[in-house]
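One-letter residues, chain by chain:
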Amino acid sequence: MIFNKDNKGNEELRRLTGNYYANNDFDKISQDIILAEEELIKITGTAVYDRAKAFYDMTGEAQEAHEGKVIDAALLERVQMPIAIYATFMMYRKNDISHESSGRKFKIDPENEKIPWQWQLERDDEIQLESYYRSIDRLIDWMDEKEIEEWMNTDTKKAMSKQLIKSATMFNQYYPIDRSSRFFVMISPFVREVERKYIRPALGKELYEKYTGLVTNPALTEDEIELKEWIYPAIPLLTMSIAFRRMPLALIPFGVVRNYSSQTHTMNSSNPASIDDIFDISRDLEKQGVRAITEFKNQRAGRDVLLPLLPNNDPRNKYMKV
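Residues numbered from 1 in each chain as written. Predicted model: local features only at pLDDT ≥ 70, side-chain atom pairs only at ≥ 80, totals over all residues. Heavy atoms only, no water.

Before we move on, can you summarise the overall build of the chain with the specific residues and values?
The helix and strand inventory of the chain stands at 15 helices and two strands. Scored against the burial criterion, the 322 residues of the chain give a buried share of 38%. For the chain, the share of sequence-separated contacts (at least 6 apart) that also reach a separation of at least 24 residues comes to 70%. Of the roughly 19500 Å² that the chain leaves accessible, carbon and sulfur atoms contribute 51%. (Helix = DSSP H or I, 4+ residues; strand = E, 2+ residues; numbered from the N terminus. Buried < 20%, exposed > 50% of the residue type's maximum accessible area, 1.4 Å probe, protein only. Contact = heavy atoms within 4.5 Å. Areas by Shrake-Rupley, 256 points an atom, 1.4 Å probe, with all protein chains shown as cover.)

Structure below.
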């Protein structure tokens, strides 16, 4: 566990979340911390967590003498934050109802407390999860910027580097996903599926490898560089078509999901889009993606075949073209 050093786990959680009580019993949240750590490791890989924990486990003197203390201290804080936010969120949800030997109980001080409305609980859940997702985005973006070795060497990152769309920033240019690096990591297998099924056949092996950077000689021509903008939009459209069909809406960035939610945001109604609505969205995105590929093919064909504006007639011929 990457918390409770010198029995100061509650202080660490309060510093990272801003809303955890320092006088809570740390043992009650320790299990949630372990589960949150395992969830983060699924995204970033074990090596990233191990590096942060190794620095955390050092004594204060050893940390000060550590050659890479600035980077490792920054990594530690960025690894701890999503774990702290998710662990406290899970604990708060469990504490809405107490679990005792005589059954589940709901306890409240009627003089000083009021039961929140269901819509308030749902809104708070959304806020907590959004903070959690943002903290993971922050970690991934920072590791990309600093090129942290343990992250760059993960199978996930290596596979992403071979894609045409390699980052959340690139993806966001053609389909807004709140620039969420966490979400982009999760849908990267869909990106590769789209590129394998649709994009590589449309481009051809040679041009596909040049676009991905797997082949650098010969260099891209000016026409090939311009054609990129015709094929790239298809990838996010087809990827999101798959994502809406296969992923729970809770895993998709709130800014994206909110576009497809019910318009009646009242205390009594906060209805997500129906299954039929989601499949309609998916089919529409698929059509747009396929149309983008067709437009690319037409654009490419138009550049390869140059037709004269006027026929080249010769007075010596016994015929003429019009």
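After presenting the structure, the write-up continues.
Please set out the packing of aromatic side chains residue by residue, giving values where relevant.
One pass over the full model with this rule turns up five aromatic pairs. Taking 6.3 Å as the distance between ring centres and 35° as the angle between the ring planes, the aromatic pair formed by Tyr86 and Phe89 counts as tilted. Residue Tyr86 and its partner Phe89 are both found in helix α5 (residues 69–94); the two are separated by three residues, about one turn of the helix. Between the aromatic rings of Tyr132 and Tyr133, the centroid separation amounts to 5.6 Å while the plane-to-plane angle is 45°, which identifies the pairing as tilted. In terms of burial, Tyr132 and Tyr133 fall into one category: buried. Lying over the aromatic face of Tyr56, Lys5 brings its terminal NZ or CZ to 5.4 Å of the ring centre. Over the face of the ring belonging to Tyr133 we find Arg182, whose NZ or CZ atom lies 3.7 Å from the ring centre. (Phe/Tyr/Trp six-rings, centres within 6.5 Å; stacked < 30°, edge-to-face > 60°. Lys NZ or Arg CZ within 6 Å of the ring centre and 35° of its normal.)

Break down helix α3 (residues 46–56) for me, with residues and values.
An α-helical turn contains 3.6 residues, so any two residues separated by three or four positions project in the same direction. Listed as buried for α3 are Val48, Tyr49, Ala52, Phe55 and Tyr56. End-on view of α3: buried residues confined to an arc of 130°, all on one side of the axis. Considering only its buried residues, α3 is in contact with α1 (9–17), α2 (27–44), α4 (60–65), α5, α6 (118–146) and α7 (149–152). (Arc of directions from axis to C-beta.)

Mind laying out the pattern of salt bridges, listing which residues take part and the relevant values?
Inspection of every chain in the model, using the stated rule, returns 16 salt bridges. Arg51 is paired through a salt bridge with Asp72; the nearest N and O atoms lie 2.8 Å apart. Here Arg51 is found in helix α3, whereas its partner Asp72 is found in helix α5, with 21 residues between them in sequence. Exposure remark for Arg51: the relative accessible area of 24% places this residue in the partly exposed category. By relative accessible area, Asp72 is classed as buried at 7%. For Arg78, the salt bridge identified is with Glu77, shortest N-O distance 3.8 Å. One connected set of salt bridges, linked through shared partners, spans Arg51, Asp72 and Glu150. (Salt bridge = Lys/Arg side-chain N within 4 Å of Asp/Glu carboxyl O.)

Describe the side chain of Ser135, with residues and values.
For Ser135, the position within the fold is in helix α6. Sequence-distant contacts of Ser135, that is, excluding residues within four places in its chain, are made with Met81, Pro82 and Ile85.

Could you give an account of the packing of helix α11 (residues 205–212) against helix α12 (residues 222–231), with specific residues and numbers?
Relative to each other, α11 and α12 sit at 90°, their axes nearing to 12 Å. Between α11 and α12, the interaxial angle falls into the category roughly perpendicular. Residues Leu207, Lys210 and Tyr211 of α11 pack against Glu224, Leu227, Lys228 and Ile231 of α12. For the contact of α11 with α12, the residue count by class is four nonpolar, no polar and three charged. (Axes fitted to C-alpha atoms, helices over the stretch in contact; angles between N-to-C directions. Parallel < 35°, antiparallel > 145°, perpendicular 65-115°, else oblique. Nonpolar A, V, L, I, M, F, W, Y, C, P; charged D, E, K, R; others polar.)

Tell me about the side chain of Arg182, and name the residues and values.
Secondary-structure assignment places Arg182 in helix α10 (residues 181–203). Asp137 provides the closest opposite charge to the buried, salt-bridge-free Arg182, at an N-O distance of 4.7 Å. Beyond its immediate chain neighbours, meaning those up to four positions away, Arg182 contacts Ile43, Tyr133, Ile136, Asp137, Ile140, Leu251, Ile252 and Pro253. (Lys, Arg positive; Asp, Glu negative; His and termini not counted.)

Break down unusual backbone geometry for me, with residues and values.
Non-glycine residue Asn4 carries a positive phi angle of around 70°. With respect to the element layout, Asn4 can be found in the segment before α1. Taking the relative accessible area as the measure of exposure, Asn4 reaches 25% and is therefore partly exposed. Despite not being glycine, Glu147 has its phi angle at roughly 50°, a positive value. For Glu147, a relative accessible area of 58% gives the class exposed.

Describe in detail the environment of Ala243, supporting the description with residues and values.
With respect to the helices and strands, the residue Ala243 is situated in helix α13 (residues 234–246). For Ala243, a relative accessible area of 0% gives the class buried. Here the alpha-carbon distance between Ala243 and Ile187, two residues 56 residues apart in the chain, equals 6.9 Å. Beyond its immediate sequence surroundings of up to four residues, Ala243 is in contact with Ile187 and Phe190.

Account for the confidence of the model for the chain, with residues named and values stated.
Taken over all residues, the pLDDT of the chain has a mean of 84, while the share at 70 or more is 82%. Between residues 262–270, whose pLDDT stays under 50, and residues either more than four places distant or in other chains, the model counts seven contacts. (pLDDT = per-residue confidence, 0-100.)

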